[in-house]
Amino acid sequence: MKAFFEKIKNNDFYKMWFKDALPYVTGAVLLSVFQIVTFSTTGNPWGVSGVFANWGAWLFELVGGSVEKWFYFSSPGAQATLEAGFLNDPGTWRNLGIIAGALFAAMMASGFKIKKIKSFRQVIAAALGGLLMGYGARIAFGCNIGALFSGIASLSLSGWVFAAFMFAGAIIGSKLLVKYFM
Amino acid sequence: MAKEVELDCMGEACPIPLIKTEKALEELEVGDTLIVLIDHSCAMKNVPEWARKQGHEVELEEVDDGEWECYIEKMK
């Protein structure tokens, strides 16, 4: 494997496609194109975090729980998605694709590394941040993809409101980061 | 005498390596070199980018899979 990467290391196409990061504009155009593809094939705009809530529900059902009475899953649409199952949800495949694609990209750039955890503080911050983001994304009915990107792309005012408050949150988060991690 | 200082940012995520680099560079004299150790691919991009914009001499070296050393020579 090492020899293979040694051989292609200086190839211009390898550098352009795999090693170097794509320019922001290229990324933006690709995201827009795939947003359109997603919307036209699945009938829904792109979303990420809602799928994780469904994964949670399926996991819960797997161990014998039931979310039938939960308000969050009470709409006919949500019930239909849960009924169809894990493997029949387009979102499931899209999220799995994102994870596999990110892994593939990191490996192709020979940038994959299992990192050491630096401190217990980092663990707490990561867990706390993840829980808050997950909770926030569900009560806002979307994350920075579903509510922001897809919202603005649908010409919905809610996307812009989300953007304003996400910006404010990022400022507060940065201040906290400097205070506790520097 | 120009000196070399190492800044260990292994295991740190964005934007901590960048903020640490800014602070460490402030303490150095013109002509000194700061070596930032990074294993976060977004820091590998924004640390050299910031330093170049500031007018410093920058070199990025890939030392292992997902590990980089960013050499920043303070120019002003």
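Structure first, text after, so check above.
Residues numbered from 1 in each chain as written. Chains lettered and ligands numbered in written order. Predicted model: local features only at pLDDT ≥ 70, side-chain atom pairs only at ≥ 80, totals over all residues.

Looking now at the overall build of chain A. Summing up its helical and strand segments, chain A has nine helices and zero strands in all. Here chain A holds 182 residues, and the buried ones make up 10% of them. A sequence separation of at least 24 residues applies to 54% of the contacts in chain A between residues at least 6 apart. (Helix = DSSP H or I, 4+ residues; strand = E, 2+ residues; numbered from the N terminus. Buried ≥ 20, exposed ≤ 12 C-beta atoms within 10 Å, placed from the backbone. Contact = placed C-beta atoms within 7 Å.)

Attention shifts here to the overall build of chain B. On a plain count of helices and strands, chain B comes out with two helices and four strands. Beginning at the N terminus, the succession of helices and strands in chain B can be written as β-α-β-α-β-β. Its C-alpha atoms give chain B a radius of gyration of 11 Å, within 12% of the compact-globule value 11 Å for 76 residues. With respect to the principal axes defined by its C-alpha atoms, chain B has extents near 35 × 20 × 15 Å. (Rg over C-alpha atoms; globule rule 2.2 N^0.38 Å.)

Moving on to the sheet that holds strand β4 (residues 67–73) of chain B. All names here are of chain B. The strand order β1-β2-β4-β3 describes an open sheet built from four strands, whose pairing is mixed. Unpaired on one side and paired on the other, β1 (4–9) and β3 (57–64) mark the two borders of the sheet. In this sheet, neighbouring strand axes are inclined to one another by 20° on average, regardless of whether the strands run parallel or antiparallel. With seven bridges joining them, β3 and β4 adopt antiparallel strand pairing. (Pairing = 2+ DSSP bridges. Axes fitted to C-alpha atoms, helices over the stretch in contact; angles between N-to-C directions.)

Glancing now at the pairing of β1 of chain B. All names here are of chain B. Where β1 lies against strand β2 (residues 33–38), six bridges are found, and the strand directions are parallel. Its bridge partner being in β2, E6 is matched across the sheet by I35. Between the parallel elements β1 and β2, the chain passes through helix α1 (residues 16–27) in a crossover that is right-handed. (Right-handed = clockwise from strand over helix to strand, strands pointing away.)

So, about unusual backbone geometry. The linkage connecting C14 of chain B with the following residue, P15 of chain B, adopts the cis geometry, with an omega of 0°. Located in the positive-phi region is F141 of chain A, a residue other than glycine, with phi close to 55°. The residue F141 of chain A is located in the loop between α7 (120–139) and α8 (144–153) in this model. For F141 of chain A, a count of 15 C-beta atoms within 10 Å corresponds to the partly exposed category. For L155 of chain A, which is not a glycine, the phi torsion comes out positive at approximately 60°.

Quick look at the pairing of β3 of chain B now. For β3 of chain B, a buried count of zero out of eight residues is recorded, marking the element as mostly open to its surroundings. A loop of two residues connects β3 of chain B with β4 of chain B, the two strands running antiparallel in sequence, and G66 of chain B in this loop sits at a positive phi of about 70°.

Residue and element names in this part refer to chain B. C9, L18, L34, V36, I38, A43, M44, V47, A51, W68, C70 and I72 form the largest nonpolar core, which has 12 residues in total. Where this core is concerned, the elements lending two or more residues are β2, α2 (41–53) and β4. Counting residues per element, this core draws most heavily on α2, which supplies four residues. Ignoring sequence-local partners within four residues, the contact set of I72 consists of L25, T33, L34, V36, A51, H56 and V58. (Core = buried A, V, L, I, M, F, W, Y, C linked by C-beta atoms within 7 Å.)

Let us look at the environment of G65 of chain A. All names here are of chain A. Position of G65 relative to the elements: it lies in the loop between α4 (49–62) and α5 (76–84). On the basis of neighbour counts, which here come to 12 C-beta atoms within 10 Å, the residue G65 falls in the exposed class. The spatial distance from the C-alpha of G65 to the C-alpha of F104 is 35 Å, given a sequence separation of 39 residues.

Residue and element names in this part refer to chain A. Relative to the helices and strands, S32 is located in helix α3 (residues 24–42). Judged by the 12 C-beta atoms lying within 10 Å of it, S32 falls in the exposed class. Each C-alpha atom, one on S32 and one on F112, is 27 Å from the other, the two residues being 80 residues apart in sequence.

Turning our eyes to something else, we now look at helix α9 (residues 157–181) of chain A. The end-to-end C-alpha distance of α9 of chain A, which contains 25 residues, comes to 35 Å, matching closely the 36 Å that a straight helix rising 1.5 Å per residue would cover. For α9 of chain A, the tally of buried residues reaches only one of 25 residues, placing the bulk of the element at the surface. (Expected span 1.5 Å × (residues − 1).)

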